[in-house]
2 protein chains.
Amino acid sequence: MTSDASVPTPATARPSASGELRATALDQFASVGFAGTSLQQIADAAGYSKSSVLYHFASKEALLEEVLTPAIDRLEAILERFLATAETVESRRRFVNDFIDFILEFRLELHTFINQSQSLRGIPVIDRAGVLIVRLSDTLCHGEASTEDRIRFGIALGGAAYTLVAGMTFLGEEIAPVDEIRPALLAVVTELLAPVTVRTTPSRK
Amino acid sequence: MTSDASVPTPATARPSASGELRATALDQFASVGFAGTSLQQIADAAGYSKSSVLYHFASKEALLEEVLTPAIDRLEAILERFLATAETVESRRRFVNDFIDFILEFRLELHTFINQSQSLRGIPVIDRAGVLIVRLSDTLCHGEASTEDRIRFGIALGGAAYTLVAGMTFLGEEIAPVDEIRPALLAVVTELLAPVTVRTTPSRK
DNA sequence: ACGCTAGCTGACCGATCGGTCAGATCCTGT
DNA sequence: ACAGGATCTGACCGATCGGTCAGCTAGCGT
């Protein structure tokens, strides 16, 4: 990906060491937490030495940044796209669809950020994600701070992050396939964020 | 609200050292995580020495157990009460009400458990809570494993835990008072857990 | 006045933390 | 064959981790 321009990169195999380390670190960060994950654990799980991890990434914090950045970029793109067009029932529905795809694709990154942003304040990528979430919330609530609307958004966000990572592992024994989860998740999140069936008009006082 | 009935407890002061330590530890566990919290931090924040913490609690793990146990006991009582009576629309509504009260009263404990149960497996109180959650989920879904119903439950659980602790701190700048949060939370959770029932619309728009 | 105990603390322990550094190994261009 | 950069590693560093222990102090029953 990053380093090898000429080398053919088989999509099936995982030749890149830094990629392997990123993936391993993400698993650990999402399940044990950033503070609870040691560089030694990451190295052992990925089959490298701790020194190798610090060769590829300047520090533990830098590793976190590299791991989370793609997800934040994607979320930012989704928000910008939503803001670029006038809001209609249709555009809001499309936004929710994008959002679901984002959640499903970056569930581990989302879970990591959602559950640890408080304790990781000061790390640039975390702060970036923080203002993004606030913008998202403000956008969906049209600036006016309706407590219930904000709670709807918070529950959809935190609930999805929890359910897809932590909840699935011990609620459903085996994780249901994405094609089964997606429609169910879409239905619930749509209900929370775009209650179109009941009140199609955006709440304006 | 956490009224020690007969003990002469001046509401302003906080006489109990172990109580002070429990409260401080809970704050830290919920915001920085169990692994991310050191005994030193807890001691400093509470104004004691690390040795004092270990005098009152046999170990860091024992401290966690003491901190979480009241919440788990309460949750267990709520479930047993729900199971004790035949299920009706009314009993389910009452259960949701109990559940909301539980979430509001034990938000920090719930958040701590919800977001860290994976990494804390093996600790008795965590495992106890785990089977409780599964029983709750099975009860609400009537055993039949409807993916959407399970997702509804997971989102309500994880979403509430997130919103009331992490979400509120940076979505709404100041935390709204409980009397404002409760009805909103009740509406959203009812919508998620008791979809058959008509939404209790105060419809004040 | 005395001893006893509960509460609390600093000194200390081995283990592990994130991070540095000097090589060892391998791979490629010449 | 050789040079040189990329990759990887073990040894090592100071700091901090959870936990132990002996001792200090204040209050209370006698």
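Treat the numbers as computed from the prediction; the structure is a model and nothing was measured.

Reading the values: rules and limits
Residues numbered from 1 in each chain as written. Chains lettered and ligands numbered in written order. Predicted model: local features only at pLDDT ≥ 70, side-chain atom pairs only at ≥ 80, totals over all residues. Heavy atoms only, no water. Near = heavy atom within 4 Å. Polar contact = N/O pair within 3.5 Å; in protein donor to acceptor, adjacent residues only side chain to side chain. Helix = DSSP H or I, 4+ residues; strand = E, 2+ residues; numbered from the N terminus. Contact = heavy atoms within 4.5 Å. Buried area = accessible area lost by both parts, 1.4 Å probe. Salt bridge = Lys/Arg side-chain N within 4 Å of Asp/Glu carboxyl O. Buried < 20%, exposed > 50% of the residue type's maximum accessible area, 1.4 Å probe, protein only. Arc of directions from axis to C-beta. Expected span 1.5 Å × (residues − 1). Least-squares fit on C-alpha atoms with pLDDT ≥ 70 in both. Axes fitted to C-alpha atoms, helices over the stretch in contact; angles between N-to-C directions. Parallel < 35°, antiparallel > 145°, perpendicular 65-115°, else oblique. Nonpolar A, V, L, I, M, F, W, Y, C, P; charged D, E, K, R; others polar.

**Q** Talk me through the protein's contact with DNA strand D; I want residue IDs and the actual numbers.
**A** Close to DNA strand D lie 16 residues, the nearest being A:Ser51, A:Ser52, A:His56, B:Lys50 and B:Lys60. Between DNA strand D and A:His56, the relevant distance is 2.4 Å, taken from a phosphate oxygen to a side-chain nitrogen or oxygen of the residue. B:Lys50 places a side-chain nitrogen or oxygen 2.8 Å from a base oxygen of DNA strand D. Put simply, the parts of the chain that give the surface near DNA strand D at least two residues each are helix H3 (50-56) of chain A together with helix H2 (39-46) and helix H3 (50-56) of chain B. The greatest single-element share of the surface near DNA strand D, amounting to four residues, is contributed by H3(A).

**Q** Residues and numbers for the protein's contact with DNA strand C, please.
**A** Near DNA strand C, the surroundings consist of 16 residues, among which A:Lys50, A:Lys60, B:Ser51, B:Ser52 and B:His56 are the closest. Protein-adjacent atoms of DNA strand C, using a 4 Å cutoff, are sugar or phosphate at a proportion of 54%. A:Thr37 has a polar backbone atom sitting 3.2 Å from a phosphate oxygen of DNA strand C. B:Ser52 places a side-chain nitrogen or oxygen 2.6 Å from a phosphate oxygen of DNA strand C.

**Q** Any details on the interface of chain A and chain B? Residues and values, ideally.
**A** Between chain A and chain B, the contact holds 46 residues from the first and 45 residues from the second. Both faces combined, the contact of chain A with chain B buries some 4000 Å², and carbon together with sulfur accounts for 67% of it. Applying the counting criterion to the chain A and chain B interface returns two salt bridges. Between A:Glu191 and B:Arg152 there is a salt bridge, with its nearest N and O atoms 2.7 Å apart. Counting across the interface, chain A meets chain B through nine residue pairs in polar contact (both at pLDDT 80 or more).

**Q** Which residues make up H2(B), and what values go with them?
**A** All names here are of chain B. Along H2, the residues that are buried comprise Leu 39, Ile 42, Ala 43 and Ala 46. What you see down the axis of H2 is that its buried residues fit within an arc of 95 degrees, all on one side. In this structure, H2 carries Asp 44 and Ala 45 as exposed residues pointing more than 90 degrees from its buried face. Check the buried side of H2 and you find it contacts helix H1 (17-32), H3 and helix H4 (60-84). A positive backbone phi angle near 85 degrees is found at Gly 47, which sits one or two residues after H2.

**Q** Quick one: what's the story with the environment of B:Thr85, residue by residue and with numbers?
**A** With respect to the helices and strands, the residue B:Thr85 is situated in the loop between H4 and helix H5 (89-105). Exposure remark for B:Thr85: the relative accessible area of 36% places this residue in the partly exposed category.

**Q** How would you sum up helix H1 (residues 17-32) of chain A? Please name residues and give values.
**A** All names here are of chain A. For H1, with 16 residues, the first-to-last C-alpha span of 22 Å sits near the 22 Å given by 1.5 Å per residue. If you check which residues of H1 are buried, you get Ala 17, Ser 18, Gly 19, Leu 21, Thr 24, Ala 25, Leu 26, Gln 28, Phe 29 and Ala 30. Elements that come into contact with the buried residues of H1 comprise helix H2 (39-46), H3, helix H4 (60-84) and helix H6 (107-116). Immediately beyond the C-terminal end of H1, within one or two residues, lies Gly 33, with a positive phi of roughly 95 degrees.

**Q** Give a description of the relation of the copies chain A and chain B that names residues and reports values.
**A** For the pair chain A and chain B, the relating rotation is 180 degrees, the translation along its axis is 0.0 Å, and the fit reaches an RMSD of 0.0 Å. Each copy turns onto its partner about a two-fold axis. Taking C-alpha positions as reference, the residue of chain A nearest the rotation axis is A:Gly159, located at 1.8 Å. A share of 96% of interface residues in chain A that are also interface residues in chain B marks the association as one of identical surfaces.

**Q** Residues and numbers for the pattern of salt bridges, please.
**A** Residue and element names in this part refer to chain A. Applying the stated rule across the entire model yields 22 salt bridges over all chains. Among the ionic pairs, Arg 135 bridges to Glu 80, the shortest N-O distance being 3.2 Å. One end of the pair, Arg 135, is in helix H7 (residues 124-140); the other, Glu 80, is in helix H4, and 55 residues separate them in sequence. Between Arg 92 and Glu 87 there is a salt bridge, and its shortest N-O distance comes to 2.6 Å. One network of salt bridges, with partners in common, ties together Asp 73, Glu 76 and Arg 128.

**Q** I'd like a description of the packing of H1(A) against H4(A), backed by residues and values.
**A** Residues and elements named next belong to chain A. Close contact between H1 and H4 brings their axes to 10 Å; oriented N to C, the two are set at 95 degrees. Classified by the interaxial angle, the pair formed by H1 and H4 is roughly perpendicular. For the pair formed by H1 and H4, the contact residues are Arg 22, Ala 25, Leu 26 and Phe 29 on the first element and Leu 63, Leu 64, Glu 66 and Val 67 on the second. Of the residues that constitute the contact of H1 with H4, the class distribution is six nonpolar, no polar and two charged.

In short, the description is geometric, and any link to function would need to be established separately.
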